[in-house]
Amino acid sequence: NALQLLKILSGCSQWNYGNKVQLLEAEILSYEGRNVEAKEAYASAITSAQTFRLVHEQGLACERAGFHFKKIRDKKSACDFFNQAKECYAEWGSQMKVDSITRQLDTLRVSQAR
C-alpha cells in the first residue's frame, strides 16, 4: 500500500516524505467524506511542505485542498487554497500550473456569480 510505504520512507527522511504522507492521508480522508479530518490533514501537509521550503509540494497540497473544498461546495475556502497554490506555483516558476489554477479560480467565480 502506498501510504504504508510513504510512512516507512518518512521514518528515514521526515523532511522529504512527511508532507507526502499527510497529503495522501488528506486525499484518502476526503475520498471517504471525513471532511473535518481531511481539512486538518491538508493543513498539516501544507505546513510541513512550507517548513521544509518545498514550495512546489506546498502548491500541490494547496491545490488538492482547493479541490477538496470545491467538492464539498465551500467555495470561499476553495478560492483561498487555489490562490495560495497559485502563489506557490508562481514562486516555483511554473506558469503552466499558474494558468491551470487561474482556470479553476475562474470556474469558481463564474459559479459564484450565478
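Okay, so let's go over this structure. Just so it is clear, the model here is predicted, and its values are computed rather than measured.

### Focus: the overall build of the protein
Argument step 1. Secondary structure assignment for the protein yields 6 helices and 0 strands.
Argument step 2. Mapped from its N terminus to its C terminus, the protein presents α and β elements in the order α-α-α-α-α-α.
Argument step 3. Scaling as 2.2 N^0.38, a compact globule of 114 residues should have a C-alpha radius of gyration of about 13 Å, and the protein matches this with 14 Å.
Argument step 4. Along the longest, intermediate and shortest principal axes, the C-alpha atoms of the protein span 50 × 35 × 20 Å.
Argument step 5. Counting all 114 residues of the protein, 39% fall into the buried class.
Argument step 6. About 6,800 Å² of surface is accessible on the protein, with carbon and sulfur atoms providing 54% of the total.

### Notes on the nonpolar core
Soluble, globular proteins show a tendency: their nonpolar side chains are buried together.
Argument step 1. Grouped together as the largest cluster of nonpolar side chains are 22 residues, with contacts concentrated most on Tyr42, Phe82 and Ile101.
Argument step 2. Contributing elements (two or more residues each) for this core: α2 (14-31), α3 (35-51), α4 (55-71), α5 (75-92) and α6 (95-113).
Argument step 3. Per-element accounting of this core gives the leading share, 6 residues, to α5.
Argument step 4. Dropping the residues within four chain positions of it, Ile101 is found in contact with Glu63, Phe82, Ala85, Lys86 and Tyr89.

### With respect to helix α1 (residues 2-12)
Argument step 1. Inspection of α1 places Leu3, Leu6 and Ser10 among the buried residues, and these make up the whole buried set. Angularly, the buried residues of α1 cover 60° about the axis, an arc narrow enough to put them on a single face. In α1, the exposed residues that point more than 90 degrees away from the buried face are Gln4, Ile8, Gly11 and Cys12.
Argument step 2. By the N-cap criterion, in which a side-chain oxygen at the helix start approaches the backbone nitrogen of a residue two or three places on, α1 is capped by Asn1, the distance to Leu3 being 2.8 Å.

### Section: α4
Argument step 1. Along its 17 residues, α4 runs 24 Å from first to last C-alpha, staying within 8% of the 24 Å computed at 1.5 Å per residue.
Argument step 2. Every buried residue belonging to α4 is among Val55, Glu57, Gln58, Gly59, Ala61, Cys62, Glu63, Ala65, Gly66, His68 and Phe69, and all of these are buried.
Argument step 3. Its buried side turned inward, α4 meets α2, α3, α5 and α6.
Argument step 4. Where α4 ends, the next residue or the one after it, Arg73, has phi of about 65°, a positive value.

### Side note on the side chain of Gln104
Argument step 1. Topologically, Gln104 is positioned in helix α6.
Argument step 2. Residue Gln104 is classed as buried on the basis of its relative accessible area, which comes to 18%.
Argument step 3. Apart from the residues lying within four places of it in its own chain, the contact partners of Gln104 are Phe67, Lys70 and Phe82.

### Notes on the packing of α2 against α3
Argument step 1. At a closest axis distance of 8 Å, the pairing of α2 and α3 adopts a crossing angle of 160°. Between α2 and α3, the angle is such that the two are roughly antiparallel. As α2 runs across α3, the sense of the crossing is left-handed. Here Gly18, Asn19, Gln22, Leu23, Glu25, Ala26, Glu27, Leu29 and Ser30 of α2 lie close against α3, whose contacting residues are Glu37, Ala38, Ala41, Tyr42, Ser44, Ala45, Ser48 and Ala49.
Argument step 2. Grouping the amino acids of the contact of α2 with α3 by side-chain chemistry returns 8 nonpolar, 6 polar and 3 charged.

The rules we used
- Residues numbered from 1 in each chain as written.
- Predicted model: local features only at pLDDT ≥ 70, side-chain atom pairs only at ≥ 80, totals over all residues.
- Heavy atoms only, no water.
- Helix = DSSP H or I, 4+ residues; strand = E, 2+ residues; numbered from the N terminus.
- Rg over C-alpha atoms; globule rule 2.2 N^0.38 Å.
- Buried < 20%, exposed > 50% of the residue type's maximum accessible area, 1.4 Å probe, protein only.
- Areas by Shrake-Rupley, 256 points an atom, 1.4 Å probe, with all protein chains shown as cover.
- Core = buried A, V, L, I, M, F, W, Y, C linked by side-chain atoms within 4.5 Å.
- Contact = heavy atoms within 4.5 Å.
- Arc of directions from axis to C-beta.
- Polar contact = N/O pair within 3.5 Å; in protein donor to acceptor, adjacent residues only side chain to side chain.
- Expected span 1.5 Å × (residues − 1).
- Axes fitted to C-alpha atoms, helices over the stretch in contact; angles between N-to-C directions.
- Parallel < 35°, antiparallel > 145°, perpendicular 65-115°, else oblique.
- Left-handed = near helix turned anticlockwise from the far one by under 90°.
- Nonpolar A, V, L, I, M, F, W, Y, C, P; charged D, E, K, R; others polar.

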